[in-house]
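# Secondary and tertiary structure notes
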Amino acid sequence: MQKIKSLMTRQGLRSPQESVNDLSPIENLRIPTKEELRELHEEPPDPQAQQEIINSIEEVYFSNDSFDIVKYELERLPPVLSLQELEEYRDKLKQQQAAVSKKVADLILEKQPAYVEELERVTSLQSGLQLAAVICTNGRRHLNIAKEGFTQTSLGLLANQRKRQLLIGLLKSLRTIKTLQRTDVRLSEMLEEEDYPGAIQLCLECQKAASTFKHYSCISELNSKLQDTLEQIEEQLDVALSKICKNFDINHYTKVQQAYRLLGKTQTAMDQLHMHFTQAIHNTVFQVVLGYVELCAGNTDTKFQKLQYKDLCTHITSDSYIPCLADLCKALWEVMLSYYRTMQWHENHDQDEAAVVSSDGNNVIGTEENSFDRNYVKKKLEHGLSRIWQDVQLKVKTYLLGTDLSNFKYDDFIFVLDVISRLMQVGEEFCGSKSEVLQESIRKQSVNYFKTYHRTRLEELRMFLENETWELCPVKSSFSILQLHEFKFLEQSRSPSVSPSKQPASAASSAVTLFQQYCAAGNPFEIQADSKDDETEDVLASNGYESDEQEKSAYQEYDSDSDVPEELKRDYVDEQTGDAPIKSVSRETLRSRKRSDYNLNKVNAPILTNTTLNVIRLVGKYMQMMNILKPIAFDVIHFMSQLFDYYLYAVYTFFGRNDMFESTGLGLSSSRLRTTLNRIQESLIDLEVSADPSGTLTAAEERKEKVPSPHLSHLVVLTSGNSLYGLAERVVATESLVFLAEQFEFLQPHLDAVMPAAKKPFLQQFYSQTVSTASELRKPVYWIVAAKAIDYEQMLLLMANVKWDVKEIMSQHNVYVDALLKEFEEFNRRLNDVSKRVRIPLPVSNILWEHCIRLANRTLVEGYANVKKCSNEGRALMQLDFQQFLMKLEKLTDIRPIPDKEFVETYIKAYYLTENDMESWIKEHREYSTKQLTNLVNICLGTYINKKARQKLLATIDDTDRPKR
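Residues numbered from 1 in each chain as written. Predicted model: local features only at pLDDT ≥ 70, side-chain atom pairs only at ≥ 80, totals over all residues. Heavy atoms only, no water.

Per an unreviewed UniProt entry, the protein goes by VPS50 subunit of EARP/GARPII complex and derives from Junco hyemalis.

### Comments concerning the overall build of the protein
Each helix and strand counted, the protein has 35 helices and 2 strands in total. Across the 965 residues in the protein, those meeting the buried criterion constitute 42%. For the protein, the share of sequence-separated contacts (at least 6 apart) that also reach a separation of at least 24 residues comes to 80%. When the accessible area of the protein is evaluated, it comes to approximately 53300 Å², of which 52% is carbon and sulfur surface. (Helix = DSSP H or I, 4+ residues; strand = E, 2+ residues; numbered from the N terminus. Buried < 20%, exposed > 50% of the residue type's maximum accessible area, 1.4 Å probe, protein only. Contact = heavy atoms within 4.5 Å. Areas by Shrake-Rupley, 256 points an atom, 1.4 Å probe, with all protein chains shown as cover.)

### As for helix H27 (residues 778-789)
For H27, which comprises 12 residues, the first-to-last C-alpha distance of 16 Å matches the rise-based estimate of 16 Å (1.5 Å per residue) to within 8%. Along H27, 10 of the 12 residues are buried, which leaves the element largely enclosed by surrounding structure. (Expected span 1.5 Å × (residues − 1).)

### Notes on the packing of helix H30 (residues 842-865) against helix H32 (residues 901-909)
Between H30 and H32, the least distance of the axes is 8 Å, while the angle of their chain directions is 15 degrees. Between H30 and H32, the angle falls in the class roughly parallel. Between H30 and H32 lies a crossing whose hand is left-handed. Of the residues in H32, those touching H30 at Asn 857, Arg 858, Val 861, Tyr 864 and Ala 865 are Lys 901, Phe 903, Val 904, Tyr 907 and Ile 908. Looking at side-chain class alone, the contact of H30 with H32 contains 7 nonpolar, 1 polar and 2 charged residues. (Axes fitted to C-alpha atoms, helices over the stretch in contact; angles between N-to-C directions. Parallel < 35°, antiparallel > 145°, perpendicular 65-115°, else oblique. Left-handed = near helix turned anticlockwise from the far one by under 90°. Nonpolar A, V, L, I, M, F, W, Y, C, P; charged D, E, K, R; others polar.)

### Quick notes on the nonpolar core
Soluble globular proteins tend to bury their nonpolar side chains together. In terms of nonpolar packing, the biggest core is built from 218 residues, with Val 289, Tyr 399, Leu 727, Phe 824, Tyr 864 and Phe 885 touching the most fellow members. Here this core takes 16 residues from helix H21 (residues 633-656), the largest share from any one element. When sequence neighbours within four positions are dropped, the list of residues in contact with Phe 885 reads Val 817, Leu 820, Leu 821, Phe 824, Ala 856, Asn 857 and Leu 860. (Core = buried A, V, L, I, M, F, W, Y, C linked by side-chain atoms within 4.5 Å.)

### Observations regarding the confidence of the model for the protein
Residues at a pLDDT of 70 or more form 77% of the protein, whose mean pLDDT is 78. Contacts of residues 544-597 to residues separated by more than four positions or lying in other chains number 76 contacts, the stretch itself having pLDDT below 50. Scored below 50 in pLDDT, residues 690-695 shows 1 contact in the model against residues more than four places distant or in partner chains. (pLDDT = per-residue confidence, 0-100.)

### Overview of unusual backbone geometry
Following Arg 896, the chain continues to Pro 897 via a peptide bond in cis, the omega torsion being -10 degrees. Mapped onto the fold, Pro 897 is located in the loop between helix H31 (872-892) and H32. Residues other than glycine seldom take positive phi values, yet Tyr 725 does so here, at roughly 60 degrees. Among the secondary structure elements, Tyr 725 is positioned in the loop between strand S2 (707-708) and helix H25 (727-754). Take Tyr 725: its relative accessible area is 15%, and that puts it in the buried class.

### Thoughts on the state of the cysteines
The full count for this structure, using the stated rule, is 0 disulfides. Left without a disulfide partner, Cys 313 is nearest to the cysteine sulfur of Cys 324, which lies 7.5 Å away. Residue class for Cys 313 comes out buried when judged on its relative accessible area of 0%. You can see Cys 329 has no disulfide; the closest cysteine sulfur is in Cys 324, sitting 9.4 Å from it. (Disulfide = S-S within 2.5 Å.)

### What about a nonpolar patch on the surface?
Side chains of Val 70, Leu 74, Leu 77, Leu 81 and Leu 86 sit close together on the surface and give an oily, nonpolar patch of about 440 Å² of accessible area. With respect to the secondary-structure elements, Leu 74 resides in helix H5 (residues 69-76). For Leu 74, a relative accessible area of 55% gives the class exposed. (Patch = residues over 30% accessible without salt bridge, like charges linked within 9 Å, V, L, I, M, F, W, Y side chains within 5 Å. Salt bridge = Lys/Arg side-chain N within 4 Å of Asp/Glu carboxyl O.)

### Some remarks on the packing of aromatic side chains
Scanning all chains against the criterion turns up 35 aromatic pairs. With a centroid separation of 6.4 Å and an interplanar angle of 65 degrees, the aromatic rings of Trp 804 and Tyr 816 are classed as edge-to-face. With Trp 804 in the loop between helix H28 (792-800) and helix H29 (815-837) and Tyr 816 in helix H29, this pair connects stretches of sequence that are 12 residues apart. The pair Trp 804 / Tyr 816 is uniform in exposure class, with both members buried. Cluster of aromatic residues (ring-pair linked, three or more members): Tyr 410, Phe 413, Tyr 449, Phe 450, Tyr 453, Tyr 622 and Phe 639. One Lys or Arg, Arg 457, reaches over the ring of Tyr 453 and ends 4.4 Å from the middle of that ring. Across the ring face of Phe 903, the terminal group of Arg 858 is positioned such that the distance to the ring centre comes to 4.5 Å. (Phe/Tyr/Trp six-rings, centres within 6.5 Å; stacked < 30°, edge-to-face > 60°. Lys NZ or Arg CZ within 6 Å of the ring centre and 35° of its normal.)

Right under this line is the structure:
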């Protein structure tokens, strides 16, 4: 059917008969002839037979249209042809052809009505198409007429107008492109003017405009040029950001931040800023140190620039160390101040932005992004504080440890400590750091320096003591250690020029910080001349007198306290214990002391020597160092205690050591004083100076810490009776020690305030066992004078010549009493002579009189114990002599009660005891010697008791004496 339709389409609409006739025999089956049709009609077809015939046709005949039937059949012919077979085969083919033709004819006849109907529809369609063709032809003709008459002219005008508009747009684009190409000049000018936000804004606008004209070929090159320019701006912006680190300028920094915000790189800017600060610290310290190293090196060829910073610091000379340190700290201060001002800028900027956001909350997304950026910047800046301070500490630590400071002058080292102390204050204000790195490094240098310095000072102190003639150093009665330069730091007012180490801690909370103070201008590390260079110490009196008026006032105004230092007027009470110290001095005591002191023709100025003043100055220097650097407070106080220990030991060695008097058992040196002296001797005194130095390393190190025992100057004479055996020198020595102890007590609150809590027991022990024993040294020192000032042996000889076994009660005392009183009068006269040279304080005169009286009373008891025979009248004579002695003695001295008065009276009264009372009396009175007790038994009771009873009493005496041995 498809073949039929294709043929119909090619040949047009024809009648079925025409169409059938046109079929070529090759393209389709041959149509049966009339005869054949007739035969087919004549012979009634058998459908089944016909179908079998069709089924017998070979498949190859149905394969495709290009099948060559003739060629196929010819090729099938056998090699030997047989007519009969050929005919039979021919007939068979004819039958098959007939069957097929019959089948085709039946099918055609079956579809004939549908074919006719479809053919009519095709004919109708053809007529419609012909009509449409006519209408189209007419329309085209009319359009051509309209085109020629109107449209062509009008559309020409519209086309020209459109072309004009396009050209105007092109001209504008060309002008914009020309402007874009010239923007690099304007960008360069803006960068030179440091208008970074404007430059970036312009560059971004140019990029946006360039993207609009990207279809032009010239724009691609311009676009890459703009990108390069933007990168160049970012590089210059980074350089501008780095300048902030050393010299913060608010306008400059505002431009830089605005520029980074336009770029959308606020967080990147903050990261870069911290990197620049770190680099600025490194470059700053390196350049400062390098400048000083090259300056000191002169024209040497050493390439210092290639050295590491740590190695460079070792090339700093001692002369340039302090100026370099000051410049180093000043440069680092500028970096930290810039960081501080940067943080301030961001805080103010955040507040302004928050105020703007609160008033206009439309752009929520933009607000959240800005808030995130602000929080990031805030956290980054806060975290950077400790990082930057850590870098500063490490750089300064390297510089500090790069030079050995042990040989620096004291003032230079104090200046170093002061600078570092101020730097630590800066660190605390900067980020709240305790500056452990700086503290540890300066502590190492300080301990190292202080050991060397203290060793030298101890050697100097030994030299001073060995050359000291113990003459009075004339100072004013109003003298106070606070008047000395070394103690000025204790009363420094809180002012900008005063370092934090010199300011009272109580004012720290109310004062402004260094960053607030020096934010606008100035530098806390500027080297300023110390005010003490322009001051003079007004502490010395002229020729021992302060003035004529004051000399007169010594007689006229005994009760005046105007010449007493304020700190001595106060009764100091320990805040921790609530107890008043042993050395507290009241006003009444001072007044009585002034009335009773010898030589009132001089004002009661403190008694001290040049060596004492030197020790006090040393203490002030030590405290100054300790106040600046509290971590070494314990070491400093320990060394301060050694100064006092050595002075105490020297005074004792020079004036108080006498084995003969120590063995009397009179308790002249208290157990506390003896313990203190033994401790000083073991820990501080080198007793092996002349020994073989070849010892163990440990022993050598221990000896390094010790000082040889001092020797008294040969100019000091202690053997002359006229000078009361060097009493003036002894008074100056002991009283200067007492004065030194009083100053230590005055300084105790200051020392206690800086002493670490764990080490405070050492300080308390030093004061309770050493400082408080200074006044106890008076007894052994003045005992020697008292023992030699009066001839007690002569008195014993005079007593031995007295006859005590008299039969009558005597009314006249013995001559030895007058001799003894004359000795006391002579002693009093010589005491007055000495007081013309040196004021003898009341406690000293009391101790001297007490020692002399006690020795005299004990000599009396010893003389009575030497009696061979004694009657009751003789005992009464003893009492008479003693009463006469007491009566005359009380006129010479104000001491009440008379020392050891009961010692003599009790011994004399013991002569009247019975045998039973004597035994208990002996057990109760162990203060008497065995000889004295034995004399009582033998002389007093010898004639009244038997031998057995006497032996019993002697045994009791022996038992009593045994524990003393």
